[in-house]
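What the coordinates show
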Amino acid sequence: MTMINRIVAGKELFWFNNTLVAIRVSSADGEDGICVVEHRMPHGDSPPLHVHRNEDEVFHILEGRLRFQIDGHEQVAAAGETVIAPKGLPHTFRVESAEGARTLTITRGSDFETMLRQASRPAGGADLPPPMHPSPEMIVALTRICAENGIDIVGPPLG
């Protein structure tokens, strides 16, 4: 059993593009609005370059290796390391490890969590979704949903 196929029992599971997402702590669960999301991502996965207007995005890598680009600067982080993408700075990442990656993403406020809920579909299980390439309509919809939730897409994913 690989890290990508482990069961995440008792949590809300979503397929967000080519990733499996589990909402571990909802922003509605506590007074400070902290949200903790577990992501399981395949090799090569990369979100578009984007900016969070209202919340920092903290990544704690549980398994695998990611290459981050934050405000034009690149860094590689591996299991056990934590990276912050401050609000207002363009950032993205790419999963570099062949076996994929598993991270916790921590934000304050509901923007990121709401965007995930609106742009995802219920997971058909605790596995990654079937791989797909987004259609032009899907890209337009994601861009709109992100903008409505304080996140601006400003460039392409990392290649």
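To start, this report covers the structure provided alongside it. Please read all numbers here as calculations on a predicted model, not as lab measurements.

**Focus on unusual backbone geometry**
Non-glycine residue Asn17 carries a positive phi angle of around 55 degrees. Summarising the element assignment, Asn17 is placed in the loop between β1 (12-16) and β2 (19-25). Of note, Asp71 is a non-glycine position whose phi angle comes to about 50 degrees, a positive value. The residue Asp71 is located in the loop between β6 (65-70) and β7 (73-78) in this model. Its relative accessible area of 40% is what places Asp71 among the partly exposed residues.

**Structural notes on the sheet that holds β1**
If you walk across this open sheet you meet the 7 strands as β8-β5-β10-β3-β2-β1-β11, and the pairing is antiparallel. Each edge of the sheet is formed by a strand with only one pairing partner; in this case those strands are β8 (82-85) and β11 (121-122). By the bridge criterion, 5 bridges tie β1 to β2 in an arrangement that is antiparallel. Bridge pairing in β2 places Trp15 opposite Leu20.

**Things to note about the side chain of Asp111**
Mapped onto the secondary structure, Asp111 falls in helix α1 (residues 111-119). For the buried Asp111, which has no salt bridge, the nearest side chain bearing the opposite charge is Arg53, at an N-O separation of 6.9 Å. For Asp111, the contacting residues outside a window of four places in its chain are Asn54, Glu55, Asn149 and Gly150.

**Focus: the nonpolar core**
The biggest cluster of nonpolar side chains holds 13 residues, and the ones touching the most others in it are Phe16, Val21, Val37, Phe112, Met115 and Leu116. Elements supplying a minimum of two residues to this core: β1, β2, β3 (34-41), α1 and α2 (136-148). Residues within four places of Phe112 in sequence aside, it is in contact with Val37, His39, His52, Glu55, Glu57, Thr105, Thr107 and Ile151.

**Regarding the packing of aromatic side chains**
Counted under the stated rule, the structure contains 3 aromatic pairs. With a centroid separation of 5.1 Å and an interplanar angle of 55 degrees, the aromatic rings of Phe59 and Phe68 are classed as tilted. Considered together, Phe59 and Phe68 belong to a single accessibility category, that of buried residues. Aromatic side chains Phe68 and Phe93 sit 5.8 Å apart centroid to centroid with 50 degrees between the ring planes, which places their arrangement in the tilted category. With Phe68 in strand β6 and Phe93 in strand β9 (residues 91-95), the pair connects residues that are 25 residues apart, well separated along the chain. The same class applies to Phe68 and to Phe93, which are both buried.

Conventions and cut-offs
Residues numbered from 1 in each chain as written. Predicted model: local features only at pLDDT ≥ 70, side-chain atom pairs only at ≥ 80, totals over all residues. Heavy atoms only, no water. Helix = DSSP H or I, 4+ residues; strand = E, 2+ residues; numbered from the N terminus. Buried < 20%, exposed > 50% of the residue type's maximum accessible area, 1.4 Å probe, protein only. Pairing = 2+ DSSP bridges. Lys, Arg positive; Asp, Glu negative; His and termini not counted. Salt bridge = Lys/Arg side-chain N within 4 Å of Asp/Glu carboxyl O. Contact = heavy atoms within 4.5 Å. Core = buried A, V, L, I, M, F, W, Y, C linked by side-chain atoms within 4.5 Å. Phe/Tyr/Trp six-rings, centres within 6.5 Å; stacked < 30°, edge-to-face > 60°.

So, to be careful, I would describe these as geometric facts and stop short of saying anything about function.
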